[in-house]
Amino acid sequence: MSQQLRKDLERIVGSEAVSTDDRDRIAYSRDMWPRNMILLRCGVHRPYSADIIVWPGSPAQVASIVRFCTQSGVKLIPYGGGSGVCGGAVPKEGGIILDLKRLDAVREIDPALQTVDVQAGVIGQNLESEMNRQGFTCGHFPTSMACSTVGGWIASRAAGQMCSLYGKIEDLVSKIRVVTMDGEITEVGRFPWKPRGPSWLQLFLGSEGILGIVVDARLRVFPLPERRAMRAARFSSFSSGMDCIREVTQMGARPSVMLLLDPIDTLLFRSLTARRAFLMPDFVGKAQETLREMGMNELLRHPWLIRQLMKRFGEEISAGVLLIAGFEGRGDLVEAELNILLDTVKKFRGTDLGEETGNLWLRHRLTRAFRQSPVFHSGGFTDTLEVSATWNRVPEIYTSVMNELSRHVLSSATLSHPYAHGCSMSFTLAGSASTDEQMLEKYDATWRTVMKTVIESGGTLSHHHGVGMLKSSALRDEMGNAFQVLSGLKAVFDADYLLNPGKMI
Ligand SMILES: Cc1cc2nc3c(=O)[nH]c(=O)nc-3n(C[C@H](O)[C@H](O)[C@H](O)COP(=O)(O)OP(=O)(O)OC[C@H]3O[C@@H](n4cnc5c(N)ncnc54)[C@H](O)[C@@H]3O)c2cc1C
């Protein structure tokens, strides 16, 4: 990195907002992509190398940095919270990391329009707390909300846990301002509505920082719900639980949350919340102790065996599959929707478990996903594959993906984010191998083959985590001819391929 580059950037943002410190360069060489955690264990501290990190303090400074990069041919990587799990924000080809977290202003809510204008670097939890203080909610609750930003949500088409009711981020954004590689700040959006031509806003949603840099956005907000009701039910089979979710959703009820945990996820949910004796039969505790003694690492080397055991005894051990549902809003509507749920549970021969298990899920919903480090510490790895599909494809995708995963890793699945036409499915995978090198091979082979399986079974590669580096090669297969359109757009917006190179395309 030349001293000149540093000086040029300091002239734009000030010396305190530029860093070439090795500790910062190491920290910004990764996001939350689990592959980099395996590399870390192999002793690779800097899988990719950022030359320099800048923290602009205004959209105008972002525009100046972009103009500087275009003129001098320097690569630029937009960086929000760095919570992405697909390697979308890593400096694959070096260059400048543009950390947007100083753009964290939250403007006044417009109570008549129920919207709020925010800058792109604001952290999700801070935004939600501020909205709550004013009697509103954003309705957007990604599990990572404490460490992800509005810009990152928009760039990766994020989904909150309650998106069945409030919508995904693409339903919540009505306009954005974006800095394009010519250094211009352009407003794109449908508010006030301009019903002409294609939607430019949709073009930037999910573009993962390869077409432009989002600097601010107008988001919908909702009055805080008058009532929230959580419920749980048990089903003897995954398919009857799925039918129940589909029917509730298609009947017009708007659950805020509806999840169906397969036998392994049901078991894990019980063990994570084991403090509640009623959820934790003695034998499950004893089995867990034995597994711990065997060593988690050893266990993860035999995914096939575990899968066979779970196939045979899974629903027995976990006492069926668990459905968690939530409704919120006006008290009378919530009551009516709850009744629809209970009637439908009965119709599909489920057992109502009451409110407590649902409330337990609500309390743990933002922490469960952060309990991966024991797996990495024990020498294994874990990751999540989240796909979406129409209802008619869901059973086949569940079976074929689980079969494919069981050849490599231990896996479980949760069906979530239901809509009238389909839903998302999250597959948690955990694996191990004798050496770290073999582990990397196993990680790559697992992803390669399972992405193929998803596409062949009629699913989409992602419901909300995006593409990044992880899924870029498979994206070509999923998009078909439309991939050429995406490549063409990239060439128009960023002819010199300076913006977040090596991602998506
Ligand atoms: C434990 C855990 C749980 C998670 N749960 C969820 C979940 O429930 N729902 C969900 O949707 N995701 C989830 N994620 C994934 C991740 O949090 C989301 O993808 C999130 O939207 C990323 O936001 P970020 O600010 O961290 O973006 P980053 O990781 O910093 O960046 C993501 C991508 O967006 C680009 N980008 C960032 N900011 C901008 C900008 N202002 N303009 C243009 N491009 C930009 C980056 O270049 C990169 O390509 C989870 C991740 C973890 C680790």
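Computed from a prediction, not measured in an experiment: that's the story for all the values here.

To continue, consider the side chain of Ser426. Along the chain, Ser426 falls in strand S18 (residues 422-431). For Ser426, a relative accessible area of 16% translates into the label buried. Not counting residues up to four positions away in its chain, the partners in contact with Ser426 are Thr384, Leu385, Glu386, Ser412, Ala413 and Thr414.

Considered for burial, the residues of helix H1 (residues 3-13) that qualify are Leu5, Arg6, Asp8, Leu9 and Val13. Here the buried residues of H1 occupy an arc of 160 degrees about the axis, which is enough to place them on one side. Looking at H1, the residues exposed on the side facing more than 90 degrees away from the buried face are Gln3 and Arg11. Tucked into the core, H1 has its buried residues touching strand S1 (18-19), strand S2 (52-54), helix H4 (59-72) and strand S4 (96-99). Of the residues one or two after H1, Gly14 is the one with positive phi, at around 95 degrees.

Neighbouring the ligand are 36 residues, the closest being Pro78, Gly80, Ser83, Ser144 and Thr149. One nitrogen or oxygen atom from the main chain of Gly88 is found 3.0 Å from an oxygen atom belonging to the ligand. Within the contact set of the ligand, an oxygen atom lies 3.2 Å away from a side-chain nitrogen or oxygen of Asn500. Considering the ligand on its own, with 970 Å² of exposed area, one finds that the protein chains cover 95% of that surface.

For the rest of this paragraph, the subject is the layout of surface pockets. It is a probe the size of a water molecule, rolled over the atoms, that shows where empty space is left. Estimates place the volume of the second largest pocket at around 440 Å³. Around the second largest pocket, the lining comprises 24 residues; the ones closest to its centre are Arg157, Leu205, Gly206, Val467 and Met504. Of all elements in the fold, only helix H9 (200-204) and helix H20 (472-479) reach the threshold of two or more residues within the lining of the second largest pocket. A per-element tally of the lining of the second largest pocket places H20 first, with three residues. Here the residues of the lining of the second largest pocket are counted per class, giving nine nonpolar, eleven polar and four charged.

Before going further, it helps to examine the sheet that holds strand S17 (residues 410-416). Sheet strands line up and pair through hydrogen bonds in the backbone, either parallel or antiparallel. Spatially, S15-S12-S14-S13-S17-S18-S16 is the arrangement adopted by the seven strands of the open sheet, whose pairing is antiparallel. Because the sheet does not close on itself, it has two edges, and the strands there are strand S15 (351-354) and strand S16 (381-390). Strand-to-strand twist across the sheet, computed as the mean angle between neighbouring axes with direction ignored, equals 20 degrees. Pairing geometry for strand S12 (residues 227-235) and S15, over three bridges, is antiparallel. Residue Arg234 lies in a different strand from S15, and its bridge partner there is Thr351. Packed onto the sheet, helix H16 (residues 356-364) meets S12, strand S13 (257-261), strand S14 (321-329) and S15 and runs at close to 115 degrees relative to S12.

Let us now look at the packing of H1 against H4. In contact at an axis separation of 9 Å, H1 and H4 are set at 155 degrees when each is read in the N-to-C sense. Between H1 and H4, the crossing angle belongs to the class labelled roughly antiparallel. Note that H1 runs across H4; the crossing there is right-handed. The segment H1 lies against H4, with Leu5, Asp8, Leu9, Ile12 and Val13 engaging Gln61, Ser64, Ile65 and Phe68. Class assignment for the residues of the contact of H1 with H4 results in six nonpolar, two polar and one charged.

Rules used throughout
Residues numbered from 1 in each chain as written. Predicted model: local features only at pLDDT ≥ 70, side-chain atom pairs only at ≥ 80, totals over all residues. Heavy atoms only, no water. Helix = DSSP H or I, 4+ residues; strand = E, 2+ residues; numbered from the N terminus. Buried < 20%, exposed > 50% of the residue type's maximum accessible area, 1.4 Å probe, protein only. Contact = heavy atoms within 4.5 Å. Arc of directions from axis to C-beta. Near = heavy atom within 4 Å. Polar contact = N/O pair within 3.5 Å; in protein donor to acceptor, adjacent residues only side chain to side chain. Areas by Shrake-Rupley, 256 points an atom, 1.4 Å probe, with all protein chains shown as cover. 1 Å grid on protein atoms, 1.4 Å probe; cavity = no way out; pocket = protein on both sides within 12 Å on 5 of 7 lines; lining within 4 Å. Points joined across faces, edges and corners; volume = space filled by probe spheres on them. Nonpolar A, V, L, I, M, F, W, Y, C, P; charged D, E, K, R; others polar. Pairing = 2+ DSSP bridges. Axes fitted to C-alpha atoms, helices over the stretch in contact; angles between N-to-C directions. Parallel < 35°, antiparallel > 145°, perpendicular 65-115°, else oblique. Left-handed = near helix turned anticlockwise from the far one by under 90°.

Scope: geometric values only; no functional claims are made or implied.
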